[in-house]
Amino acid sequence: MFKVNDLVVYENGGVCSVEEIGSPDFVKDDEVYYKLQPIYDKSGTIYVKAKNNTHVIRPLISKDEATGYLEELSQIEPMYSSNDKERDREFKEALHSCECRAWFSMLKGIIKEKNRRIGVGKKLNMSDDRNMQKVGKLLTSEYSAVLDISFDEAKKMLEGLLE
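Keep in mind that this is a model prediction, so the values were computed, not measured. (Residues numbered from 1 in each chain as written. Predicted model: local features only at pLDDT ≥ 70, side-chain atom pairs only at ≥ 80, totals over all residues. Heavy atoms only, no water.)

1. Brief notes about the pattern of salt bridges
Right, on to step 1. What the rule picks out here adds up to 10 salt bridges.
Right, on to step 2. Here R89 ties to E93 by a salt bridge, and the two come within 2.5 Å at their closest N and O atoms. Placement of the pair is R89 and E93 together in helix α2 (residues 84-97), with a separation of four residues, close to one helical turn.
Right, on to step 3. For R116, the salt bridge is made with E113, and the minimal N-O distance between the two is 2.8 Å. Taken together, the residues span about one helical turn, with R116 and E113 both in helix α3 (residues 100-119) at a distance of three residues.
Right, on to step 4. With relative accessibility at 47%, the residue R116 sits in the partly exposed group. (Salt bridge = Lys/Arg side-chain N within 4 Å of Asp/Glu carboxyl O. Helix = DSSP H or I, 4+ residues; strand = E, 2+ residues; numbered from the N terminus. Buried < 20%, exposed > 50% of the residue type's maximum accessible area, 1.4 Å probe, protein only.)

2. Looking at the layout of surface pockets
Right, on to step 1. The calculated volume of the largest pocket comes to roughly 290 Å³.
Right, on to step 2. What lines the largest pocket is a set of 14 residues, among which L107, M132, G136, K155 and E159 lie closest to the centre.
Right, on to step 3. At the level of secondary structure, the elements contributing two or more residues to the lining of the largest pocket comprise α3, α4 (126-147) and α5 (151-162).
Right, on to step 4. Of the residues in the lining of the largest pocket, the class split is six nonpolar, three polar and five charged.
Right, on to step 5. Of the voids in this model, the second largest pocket is the one considered here, and its volume is about 200 Å³.
Right, on to step 6. If you list the elements that add at least two residues to the lining of the second largest pocket, you get β2 (14-22) and α4.
Right, on to step 7. Considering each element in turn, the lining of the second largest pocket owes the most residues, four residues, to α4.
Right, on to step 8. Here the residues of the lining of the second largest pocket are counted per class, giving five nonpolar, four polar and three charged. (1 Å grid on protein atoms, 1.4 Å probe; cavity = no way out; pocket = protein on both sides within 12 Å on 5 of 7 lines; lining within 4 Å. Points joined across faces, edges and corners; volume = space filled by probe spheres on them. Nonpolar A, V, L, I, M, F, W, Y, C, P; charged D, E, K, R; others polar.)

3. Observations regarding the pairing of β2
A regular strand places its side chains on the two faces of the sheet in alternate fashion.
Right, on to step 1. Bridge count for strand β1 (residues 7-10) against β2 is four bridges, and the pairing is antiparallel. Looking across to β2, one finds that V9 is bridged to V15.
Right, on to step 2. Hairpin remark: β1 followed by β2, antiparallel, with three residues in the connecting loop.
Right, on to step 3. Two elements, β2 and strand β3 (residues 33-38), share six bridges in a ladder whose sense is antiparallel. Residue pairing across strands places E20 opposite K35, the latter belonging to β3. (Pairing = 2+ DSSP bridges.)

4. Focus on the nonpolar core
Right, on to step 1. Core analysis: the biggest nonpolar cluster contains 30 residues, and W103, F104, M106, L139 and Y143 have the highest contact counts within it.
Right, on to step 2. When sequence neighbours within four positions are dropped, the list of residues in contact with F104 reads Y69, L70, L73, I76, L139, Y143, L158 and L162.
Right, on to step 3. Formed by 10 residues, the second largest nonpolar core is a distinct cluster that contains C16, L36, V48 and I57. (Core = buried A, V, L, I, M, F, W, Y, C linked by side-chain atoms within 4.5 Å. Contact = heavy atoms within 4.5 Å.)

Here is the structure:
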């Protein structure tokens, strides 16, 4: 169980601070929820059941883990199926997994496809672009928090390593 003020990664919200733990007023039962505040989006609040089997919440990776992923980035296989439905399913699973390796694999695959398309004078399709933005934001927010650098610095660092 997490504690108030812990930084966690929530599958759809990126890095969040645990603001409160308890039963919110709008819930009829006495089930315990985490009230999460995304650290890079102060406009929203997320409530997630503490005992939850459907949504992934995990602690931030360590600095050593973050460095390790960057060192092995060249060995992480790009994820990109030519079948649209299969690719959408794979990307959805990767995002839901909340695993940095899967996120890097997904991002590498989309960037590879983007570069291929640019080479033949085309743009990335909207779905892939949306997924690239989403996974990029998740990785950037975590690396920013773990390495204690600004969001923009983390974004530039990851873009430089991936492009």
